[in-house]
Amino acid sequence: MAERIPPELQTQLLKLQQLQSQLERLTYEKSVIEGELREVNEVLKELANIPQDSPVYKIVGNLLIKQDRNNVQNELNERKELLELKSRTYQKQEGLLRKQFEDLQKKVNELIQKYYPQGAPGASPPKA
């Protein structure tokens, strides 16, 4: 016969799953931002390596349009600053979420020990 999980434990497990989902989503979004930041840094590096009088083009939709090099560089630097700010914000949020997750995980483990002192529900005791 299956044991019923106590409501308090069910609630905490649900919260733990939600935190894990938030953490996974945040980690994915952070990796996307960091990838875009690497790309912007690479473009800025390439711009610095080409001669000053070389034409610069920018993709706008399906068009490739000639642009002023300084304008492109300024746009990229602004984008870089924004991405760095977002990255730092995501890192802080990730740290807070990880702390909450670890604290809640400890609480869930304590509840499991409280409700199931001999081990997990349905687990058979060790044989001698």
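Residues numbered from 1 in each chain as written. Predicted model: local features only at pLDDT ≥ 70, side-chain atom pairs only at ≥ 80, totals over all residues. Heavy atoms only, no water.

Considerations on the environment of asparagine 74
Then step 1. Along the polypeptide, asparagine 74 turns up in helix α2 (residues 69–115).
Then step 2. Accessibility expressed as a relative area gives 42% for asparagine 74, which makes it partly exposed.
Then step 3. Sequence separation between asparagine 74 and leucine 44 is 30 residues; the distance between their C-alpha atoms is 9.9 Å. (Helix = DSSP H or I, 4+ residues; strand = E, 2+ residues; numbered from the N terminus. Buried < 20%, exposed > 50% of the residue type's maximum accessible area, 1.4 Å probe, protein only.)

Topic: the UniProt feature "coiled-coil region" (unreviewed entry) in the chain
Then step 1. What UniProt calls "coiled-coil region" (unreviewed entry) maps, in this numbering, to residues 9–36 and 65–114.
Then step 2. Helix makes up 100% of residues 9–36 and strand 0%. Its end C-alpha atoms lie 41 Å apart.
Then step 3. When the span residues 65–114 is considered, its composition is 92% helix and 6% strand, and the gap between its end C-alpha atoms is 67 Å. (UniProt positions renumbered as here; feature names shortened; annotations may be inferred.)

Comments concerning a nonpolar patch on the surface
Then step 1. Side chains of Tyr57, Ile59 and Leu64 sit close together on the surface and give an oily, nonpolar patch of about 370 Å² of accessible area.
Then step 2. A residue is classified by how much of its surface remains accessible, and tyrosine 57, at 46% relative accessible area, is partly exposed. (Patch = residues over 30% accessible without salt bridge, like charges linked within 9 Å, V, L, I, M, F, W, Y side chains within 5 Å. Areas by Shrake-Rupley, 256 points an atom, 1.4 Å probe, with all protein chains shown as cover. Salt bridge = Lys/Arg side-chain N within 4 Å of Asp/Glu carboxyl O.)

Description of the side chain of serine 87
Then step 1. Tracing the chain through its elements places serine 87 in helix α2.
Then step 2. In contact with serine 87, not counting residues within four places along its chain, are Ile33 and Glu34. (Contact = heavy atoms within 4.5 Å.)

A few points about the packing of helix α1 (residues 7–49) against α2
Axes are the key here: two packed helices are described by the angle between their axes and the distance separating the axes.
Then step 1. Close contact between α1 and α2 brings their axes to 7 Å; oriented N to C, the two are set at 160°. It follows from the interaxial angle that α1 and α2 lie roughly antiparallel. The crossing of α1 and α2 is left-handed.
Then step 2. Split into classes, the residues belonging to the contact of α1 with α2 amount to 24 nonpolar, 12 polar and 15 charged. (Axes fitted to C-alpha atoms, helices over the stretch in contact; angles between N-to-C directions. Parallel < 35°, antiparallel > 145°, perpendicular 65-115°, else oblique. Left-handed = near helix turned anticlockwise from the far one by under 90°. Nonpolar A, V, L, I, M, F, W, Y, C, P; charged D, E, K, R; others polar.)

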